[in-house]
Amino acid sequence: MFWHMIIKTLIRQRSKMLMIAFTVILGVSLSTAMMNVMLGVGDKVNRELKVYGANITVRHKDAALMSDLYGLNEGLGVNDKFLYEEDVLKLKTIFWGFNIIDFAPMLDGRATMNSSSEVSLTGTWTEKHAVLSTGEELSTGLKSLRKWWDVKGEWLNENDDDSVMVGSILASENDIHIGDKITLTNDSYTKDYTVKGIFNDGGNSDSKILMTLSAVQDIMNLHGKVSSIEISALTTPDNDLARKAAQDPHSLSPDEYETWYCTAYVSAICHQIQEVIRDGVAKPVRQVAESEGTILNKTTLLMVLITILSSIGSALAISNLITASVIERSQELGLLKALGAYNWQIALLVLAEIMLTSLIGGILGYFLGIGFAQVIGQTVFGSYIEIARMVILIVAVILFFVTIAGSIPAIRYLMALKPTEVLHGK
């Protein structure tokens, strides 16, 4: 009898029930899409931000100390402290090696160009393909770290030891064009190079010459040495634990240390890098690292607010529709009361009708929300959003409480309903 009454009501008031189901579909689909994007957006946002450069730099501990104390970045007493090129690939062996997506060793030097002016040189891996001891293959280099560069001509490749790229300011001042020959001299070493490209960095690099790492090592007679390493890593936004560890990892309790070490905080990744790079000090580029965390937190907050607002909107819409439905059925419900039905029995009947309608709408809304999430993923990030199973439970809880909250005004109306009045048409 109970279910028969529910089915009859759903058929008889199908227009209002369809409106309730449609409201639930909209709310659930938006919540599902936002939560799936929110849970899967972290790495994607980080990857999008990687186009703005490295967020970790590694230098020799003595050079880093001189830089911190005196702000020195070049010159004798600083550049005579080097890291080892053979250690660079060890970056992929740390616990968070898979979070390190790009890196490039850098060697700074100076030489005389065309027997006239002294210029700054930077040697690096522009495009490096390597095979690790584990058998894993990787491609990395400065080309991936400097995606914003405006390059005329071509990038250097791995074996372009006889070619250079010239910064836009240096090229303009010396009337250098693509295809020109320039001569670089340092002490007794002299060699001619072909200008393969001209780049615009928008910073100090525009006054430098970019070369392969091995070419600068030859000019400076520093085989196997690098000045620094620039690293782009996927990181987790800092919290109090990360900030405490950044001050002194030894101040952490064993449980705190394990949590910190096994979380992709930028300080944890820096700590692990120092474990494999001899005499190296890894430091986050704070402007980049903190901006990533801030943007990710604000993006997450925005999606949470959208989910909350959509839930409130759904609750208000459901409330209006249910109340209108109950008012329309007031004589029917008043008759049930007159025949001896208790308030809680009538309330249960109405709630069962609404819950069944919401369940159907919720299922449809969930699958529609998954589709919305994939559209967002493809449109914004160019990849699919991984579906989080925990969203099903979260959506079910939200749907339950939204439906209950939306039913409260109608239930209160039911409780105050007087059979004698409604049966007499009052």
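Points about the overall build of the protein chain
Here comes step 1: For the protein chain, the helix and strand inventory stands at 14 helices and 14 strands.
Here comes step 2: Taken over 426 residues, the protein chain has a buried fraction of 47%.
Here comes step 3: Counting only contacts in the protein chain whose residues sit at least 6 apart along the sequence, the fraction spanning at least 24 positions is 75%.
Here comes step 4: As presented, the protein chain carries roughly 21700 Å² of accessible surface, and 59% of it is formed by carbon and sulfur atoms.

With respect to the pairing of strand β10 (residues 189–200)
As a general feature of sheets, a regular strand has side chains that alternate between the two faces.
Here comes step 1: Pairing analysis gives 4 bridges linking strand β7 (residues 150–153) to β10, with the strands arranged antiparallel. Counterpart to Gly 153 in the pairing with β10 is Gly 197.
Here comes step 2: Across 5 bridges, the pairing between strand β8 (residues 163–167) and β10 is parallel. Following the sheet pairing, Val 166 is matched in β10 by Ile 198.
Here comes step 3: The pairing of strand β9 (residues 181–186) with β10 spans 6 bridges and is classified as antiparallel. By the bridge assignment for β10, Ile 182 is matched with Tyr 193.
Here comes step 4: Connecting β9 to the next strand, β10, in antiparallel fashion are 2 residues, including Asp 187 with a positive phi near 55°.

Considerations on the packing of helix α8 (residues 254–261) against helix α9 (residues 266–276)
Here comes step 1: The interhelical angle for the contact between α8 and α9, taken along N-to-C directions, is 90°, at an axis separation of 8 Å. One way to sum up the angle between α8 and α9 is to call them roughly perpendicular. Across from Tyr 257, Trp 260 and Tyr 261 in α8, the residues of α9 making contact are Ser 267, Ala 268, His 271, Gln 272 and Glu 275.
Here comes step 2: Taken together, the residues that form the contact of α8 with α9 break down as 4 nonpolar, 3 polar and 1 charged.

Considerations on the environment of Thr 124
Here comes step 1: Here Thr 124 lies in strand β4 (residues 117–124).
Here comes step 2: Exposure remark for Thr 124: the relative accessible area of 1% places this residue in the buried category.
Here comes step 3: Residues Thr 124 and Val 216, spaced 92 residues apart in sequence, show a C-alpha to C-alpha distance of 8.4 Å.
Here comes step 4: The contact partners of Thr 124, leaving out residues within four places of it in the chain, are Ala 104, Pro 105, Met 106, Leu 142, Leu 210, Met 211, Thr 212 and Leu 213.

Details of the pattern of salt bridges
Opposite charge on two side chains permits them to pair, given that their charged atoms come into close proximity.
Here comes step 1: Using the criterion set out here, one finds 13 salt bridges in the structure.
Here comes step 2: Across the pair Lys 196 and Glu 154 runs a salt bridge, and its minimum N-O distance is 3.9 Å. Note that Lys 196 is positioned in strand β10 and Glu 154 in the loop between β7 and β8, a separation of 42 residues in sequence.
Here comes step 3: Note on Lys 196: relative accessible area 18%, which makes it buried.
Here comes step 4: On the accessibility criterion, Glu 154 (48% relative accessible area) is partly exposed.
Here comes step 5: We note a salt bridge from Lys 196 to Asp 160, for which the minimum N-O separation is 2.4 Å.

With respect to the nonpolar core
Here comes step 1: Counting 48 residues, the largest nonpolar core has Leu 184, Ile 209, Met 211, Ile 231 and Ile 273 as its most contacted members.
Here comes step 2: One finds Ala 315, Val 350, Ala 410 and Leu 414 within the second-largest nonpolar core, a separate group that totals 24 residues.

Comments concerning helix α6 (residues 213–220)
Here comes step 1: Leu 213, Ala 215, Val 216, Gln 217 and Ile 219 are the residues of α6 that are buried.
Here comes step 2: In the core, the buried residues of α6 are packed alongside β3 (100–113), β4, β9, β10, β11 (208–212) and β12 (225–226).
Here comes step 3: Directly beyond the C-terminal end of α6, a positive phi value near 55° is found at Asn 221.

Some thoughts on a nonpolar patch on the surface
Here comes step 1: Residues Leu 301, Val 304, Leu 305, Ile 308, Leu 309, Ile 312 and Leu 316 make up a contiguous nonpolar surface patch of roughly 640 Å² in combined accessible area.
Here comes step 2: For Ile 312, the position within the fold is in helix α10 (residues 286–328).

Describing the pairing of strand β5 (residues 128–131)
Here comes step 1: With 4 bridges joining them, β5 and strand β6 (residues 137–140) adopt antiparallel strand pairing. Bridging across to β6, Ala 130 finds its partner in Leu 138.
Here comes step 2: From the end of β5 to the start of β6, which pair antiparallel, there are 5 residues, and Gly 135 there has a positive phi angle of about 95°.

What about the packing of helix α7 (residues 240–247) against α8?
Here comes step 1: Across the interface, α7 lies against α8 with an axial gap of 10 Å and an inter-helix angle of 100°. Taken together, α7 and α8 sit at an angle that is classed as roughly perpendicular. Contact residues: α7 offers Leu 241, Ala 242, Lys 244 and Ala 245, while α8 offers Glu 256, Thr 259 and Trp 260.

Calculation criteria
- Residues numbered from 1 in each chain as written.
- Predicted model: local features only at pLDDT ≥ 70, side-chain atom pairs only at ≥ 80, totals over all residues.
- Heavy atoms only, no water.
- Helix = DSSP H or I, 4+ residues; strand = E, 2+ residues; numbered from the N terminus.
- Buried < 20%, exposed > 50% of the residue type's maximum accessible area, 1.4 Å probe, protein only.
- Contact = heavy atoms within 4.5 Å.
- Areas by Shrake-Rupley, 256 points an atom, 1.4 Å probe, with all protein chains shown as cover.
- Pairing = 2+ DSSP bridges.
- Axes fitted to C-alpha atoms, helices over the stretch in contact; angles between N-to-C directions.
- Parallel < 35°, antiparallel > 145°, perpendicular 65-115°, else oblique.
- Nonpolar A, V, L, I, M, F, W, Y, C, P; charged D, E, K, R; others polar.
- Salt bridge = Lys/Arg side-chain N within 4 Å of Asp/Glu carboxyl O.
- Core = buried A, V, L, I, M, F, W, Y, C linked by side-chain atoms within 4.5 Å.
- Patch = residues over 30% accessible without salt bridge, like charges linked within 9 Å, V, L, I, M, F, W, Y side chains within 5 Å.

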